[in-house]
Amino acid sequence: YHSSVKQDALTTGQRDQISLLEQVAKPMGYKFVMVEFGKDAAGNYITENGKIAPNGYFRDTDGTIYIDVNAGKTAGRMVEDTIIPQTAGHELTHYLKANAPDLFRAYGAAVIEELSAKGQDINALIAQKIGRAKQSSIGVEAAVEEVIADASAMMLQNTQAVERAMGLVNAA
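Here the structure is a predicted model, which means the values were calculated and not measured.

A. Structural context of the overall build of the protein chain. On a plain count of helices and strands, the protein chain comes out with 6 helices and 7 strands. Counting all 172 residues of the protein chain, 38% fall into the buried class. Considering only contacts within the protein chain whose residues lie at least 6 apart along the sequence, 58% involve residues at least 24 apart. Carbon and sulfur atoms form 52% of the exposed surface of the protein chain, whose accessible area is close to 10000 Å².

What follows is the structure, given as structure tokens:
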């Protein structure tokens, strides 16, 4: 936990989700740090610069994944009750790209294929990511990475999709 986290104020749900991350991260060698952003007058979670805070982020300079203990909350309302693990899954995709680029390429291709098979318009998803970039303008490559990272939650919840992806990854 980062010193910003008020551990005594965490809900049972937050504690359970963080415990799950700790159980997965330790044996896998992932470094997760739980952080807590402050709120503005409207109740939105913000960074030190006053920008809307991300649910999490991956810092490739030290290989650390940072997850906000309030990931998914907007002005005090929870978007989904499983947002901490979903955020971790998203950020693990960025970790994978930084630490195993060949595996990321194969995994990314499998994810894109799965999205296409489900009728998703990949170009529209990419354009949407470029249009919604929060921190700064992003290019097509970064937008594709974000589409893959967002879809990772879907892939992990669908065992058939995972099996197809692993078959494609192993064949690569």
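B. Fine view of the environment of Ile83. The residue Ile83 is located in helix α2 (residues 83-99) in this model. As for Ile83 and Lys73, which are separated by 10 residues in sequence, their C-alpha atoms are 8.8 Å apart.

C. Broad picture of the pattern of salt bridges. Overall, the coordinates contain 7 salt bridges when judged by the stated rule. Across the salt bridge formed by Lys118 and Glu114, the nearest N and O atoms sit 3.9 Å from each other. Taking the relative accessible area as the measure of exposure, Glu114 reaches 5% and is therefore buried. Across the salt bridge formed by Asp150 and Lys129, the nearest N and O atoms sit 2.3 Å from each other. Of this pair, Asp150 sits in helix α5 (residues 140-157) while Lys129 sits in helix α4 (residues 122-132), and the two are 21 residues apart along the sequence. Here the salt bridges do not stand alone but share partners, grouping Lys97, Glu141 and Glu145 into one network.

D. Summary view of the packing of helix α1 (residues 12-28) against α2. Between α1 and α2, the least distance of the axes is 9 Å, while the angle of their chain directions is 30°. Taken together, the axis directions place α1 and α2 in an arrangement best described as roughly parallel. Of the residues in α2, those in contact with Gln14, Gln17, Ile18, Leu20 and Leu21 of α1 are Ile83, Ile84, Pro85 and Ala88. A per-class count over the contact of α1 with α2 returns 7 nonpolar, 2 polar and no charged.

E. Spotlight on the packing of aromatic side chains. For the structure on display, the rule yields 3 aromatic pairs. Members of the aromatic cluster, each reached through a chain of ring pairs, are Tyr30, Phe58 and Tyr95.

F. Examining the sheet that holds strand β1 (residues 31-35) more closely. Reading across the sheet, the 3 strands line up as β1-β5-β4 and stay open at both edges, with mixed pairing between neighbours. Two strands in the sheet have a free side with no partner beyond their single neighbour: β1 and β4 (56-59). Strand after strand, the sheet turns through a mean of 20° between neighbouring axes, direction not considered. Where β1 meets strand β5 (residues 64-68), 5 bridges bridge the pair, whose relative direction is parallel. The partner of Met34 across the bridge, within β5, is Ile67.

What counts, and where the lines are drawn
- Position numbers for residues count from 1 along each chain, tracking the sequence in the order it is written.
- Local features are withheld for residues below a pLDDT of 70 in this predicted model, meaning they are given only at 70 or higher, and side-chain atom pairs are given and counted only at 80 or more; totals for whole chains, interfaces and linings count all residues.
- Computation of side-chain values covers all heavy atoms of the structure but excludes hydrogens and water.
- Comment: elements are numbered from the N terminus, with helices defined as DSSP H or I runs of at least four residues and strands as E runs of at least two.
- A simple rule labels every residue: compare its accessible area, found with a 1.4 Å probe on the protein chains alone, to the largest value its type can have, and call it buried under 20%, exposed over 50%, or partly exposed in between.
- The criterion used for residue contact is that any of the two residues' heavy atoms lie within 4.5 Å.
- In short, Shrake-Rupley with a 1.4 Å probe defines the accessible areas, and a residue's cover is counted only from the protein chains shown.
- Salt-bridge detection follows one rule: a side-chain nitrogen of Lys or Arg within 4 Å of a carboxyl oxygen of Asp or Glu.
- Inter-axis angles, ranging from 0 to 180 degrees, are taken between N-to-C directions of lines fitted to C-alpha atoms, where helices are fitted over the stretch in contact.
- Our angle categories are set so that under 35 degrees counts as roughly parallel, over 145 as roughly antiparallel, 65 to 115 as roughly perpendicular, and the remainder as oblique.
- Classification convention: Asp, Glu, Lys, Arg as charged; Ala, Val, Leu, Ile, Met, Phe, Trp, Tyr, Cys, Pro as nonpolar; all other residues, Gly among them, as polar.
- For Phe, Tyr and Trp, where Trp contributes only its six-membered ring, two rings pair if their centres lie within 6.5 Å, and the inter-plane angle classes them as stacked under 30 degrees, edge-to-face over 60, or tilted in between.
- Here a strand pair is declared whenever DSSP counts at least two bridges between the two strands.

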